[in-house]
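As a plain string of letters, each chain reads:
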Amino acid sequence: MSVHVKKAEPGGDEGRPQAKTAGHSSWLDEHTPPGAQNGEIAAELASRLHAWARQGQHGRVGLNSGFVLRRDPDRVRGPDIWFVQRERVPKEGVPQGFWEIAPDLAVEVVAPTATVDEIKERLEDYFAAGTRLVWLIYPRFRQVEAYSPEGSMKTFREGDTLEAPLVLPGFGCRVAELFSA
């Protein structure tokens, strides 16, 4: 999900982000929630990342949380799955509201209705804010594309092991396992 507002804060009716402005109108760009298959794939990968992060005390993993990637106007993205390295988690712990940092890893399970422009905009937003790695999962093709800030891209297919040693040292998951749930 993406939110474009003057001042973004979590909360509001039914947990929707609120637009808080100083007398100015603002707008929210909210997308329809993805289908059940996307949610199942996200849950499968998130559970594996969570177990890895806890076991090695690597950092925090979560789902669908807001990250303020830019201010004035605010740009908030809510990746399907995220990882923040332990060293970057605030002393106070995981924030109750939006994160004020970019995730180290952002994962998006790409909906069949997503356009190339939407996907490129997400990548640009994440990398401009400091995200180190973005994984785009394509359920229809049963593959994952890994993007880095310098522009490199690697495709992981069903027979491959999804890994990123520089961002997720010691983590590995067979791509096929994401789609076998």
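Predicted, not measured: the structure shown is a model, and the values here were computed from it. (Residues numbered from 1 in each chain as written. Predicted model: local features only at pLDDT ≥ 70, side-chain atom pairs only at ≥ 80, totals over all residues. Heavy atoms only, no water.)

**Student:** What exactly am I supposed to notice about helix 2 (residues 116–129) here?
**Tutor:** Owing to its 3.6 residues per turn, the α-helix brings residues three or four apart onto one side. Between its terminal C-alpha atoms helix 2 stretches 20 Å, which fits the 20 Å expected from 14 residues at 1.5 Å a residue. Among the residues of helix 2, those classed as buried are Ile 119, Arg 122, Leu 123, Asp 125, Tyr 126 and Phe 127. Packed against the buried residues of helix 2 are strand 5 (67–70), strand 6 (74–77), strand 8 (105–109), strand 9 (133–138) and strand 10 (143–147). Of the residues trailing helix 2, Gly 130 is marked for its positive phi of about 115 degrees. (Helix = DSSP H or I, 4+ residues; strand = E, 2+ residues; numbered from the N terminus. Expected span 1.5 Å × (residues − 1). Buried < 20%, exposed > 50% of the residue type's maximum accessible area, 1.4 Å probe, protein only. Contact = heavy atoms within 4.5 Å.)

**Student:** Could you clarify how one ought to interpret the sheet that holds strand 9 in this entry?
**Tutor:** The strands that make up a sheet are held in pairs by hydrogen bonds between backbone atoms, and each pair lies either parallel or antiparallel. Strand order in this open sheet of six strands is 4-7-8-9-10-11, and the pairing throughout is mixed. Looking at the sheet topology across the chains shown, the edges are occupied by strand 4 (59–63) and strand 11 (153–156). Here the average twist between neighbouring strands, direction ignored, is 15 degrees. Summarising the sheet, strand 10 and strand 11 pair through four bridges and their orientation is antiparallel. Bridge pairing links Glu 145 to Thr 155 in strand 11. Along the sheet, helix 1 (residues 36–56) makes contact with strand 4, strand 7 (81–85), strand 8 and strand 9, crossing strand 4 at roughly 165 degrees. This element, helix 2, spans strand 8, strand 9 and strand 10 of the sheet and lies at about 160 degrees to strand 9. (Pairing = 2+ DSSP bridges. Axes fitted to C-alpha atoms, helices over the stretch in contact; angles between N-to-C directions.)

**Student:** What is the right way to look at the environment of Arg 60 in this model?
**Tutor:** Checked against the element boundaries, Arg 60 lands in strand 4. Look at Arg 60 and you get partly exposed, because its relative accessible area is 38%. Sequence-distant contacts of Arg 60, defined by excluding residues within four places in its chain, comprise Trp 82, Phe 83, Val 84, Val 89 and Val 94.

**Student:** Is there a simple way to think about helix 1 in this case?
**Tutor:** For helix 1, built from 21 residues, the straight-helix expectation of 30 Å at 1.5 Å per residue is met to within 8% by its first-to-last C-alpha distance of 30 Å. Here the buried face of helix 1 lies against strand 4, strand 7, strand 8, strand 9, strand 12 (161–162) and helix 3 (175–178).

**Student:** Just checking my understanding: could you explain the packing of aromatic side chains for this structure?
**Tutor:** Any two aromatic rings considered together are summarised by their centre-to-centre distance and by the angle between their planes. According to the stated counting rule, one finds six aromatic pairs in the structure shown. An angle of 70 degrees between the planes, with centres 5.9 Å apart, marks the rings of Trp 52 and Phe 171 as edge-to-face. Linking Trp 52 in helix 1 with Phe 171 in the loop between strand 12 and strand 13 (173–174), this pair joins segments that are 119 residues apart in sequence. Assigned by exposure class, Trp 52 and Phe 171 land together as buried. By the ring-pair criterion, three or more aromatic residues cluster together here, those being Trp 52, Phe 83, Trp 135 and Phe 171. (Phe/Tyr/Trp six-rings, centres within 6.5 Å; stacked < 30°, edge-to-face > 60°.)

**Student:** I keep staring at the layout of surface pockets and nothing clicks. Help me out?
**Tutor:** One simple way to see leftover space: roll a probe sized like a water molecule over the atoms. Approximately 350 Å³ is the volume found for the second largest pocket. Lining the second largest pocket we find 18 residues, and of these Val 110, Ala 111, Pro 112, Ala 114 and Tyr 138 sit closest to its centre. For the lining of the second largest pocket, the leading source of residues is helix 2, giving four residues. Split by residue class, the lining of the second largest pocket holds twelve nonpolar, four polar and two charged. (1 Å grid on protein atoms, 1.4 Å probe; cavity = no way out; pocket = protein on both sides within 12 Å on 5 of 7 lines; lining within 4 Å. Points joined across faces, edges and corners; volume = space filled by probe spheres on them. Nonpolar A, V, L, I, M, F, W, Y, C, P; charged D, E, K, R; others polar.)

**Student:** Just to check I follow, could you spell out the pattern of salt bridges for this structure?
**Tutor:** Pairing is possible between side chains that carry opposite charge, provided their charged atoms lie close to one another. Counted according to the given criterion, the structure contains 13 salt bridges. The residue Arg 75 makes a salt bridge to Glu 121 at a minimum N-O spacing of 3.6 Å. Here the residue Arg 75 occupies a position in strand 6, and Glu 121 occupies one in helix 2, the gap between them amounting to 46 residues. Judged by relative accessible area, Glu 121 falls into the partly exposed class, the value being 34%. Of the charged contacts, one joins Glu 121 and Arg 77 as a salt bridge, the two residues approaching to 3.7 Å between their closest N and O atoms. Of this pair, Glu 121 sits in helix 2 while Arg 77 sits in strand 6, and the two are 44 residues apart along the sequence. For Arg 77, a relative accessible area of 3% puts it in the buried group. Several salt bridges converge on common partners, so that one network encompasses Arg 75, Arg 77, Glu 121 and Asp 125. (Salt bridge = Lys/Arg side-chain N within 4 Å of Asp/Glu carboxyl O.)

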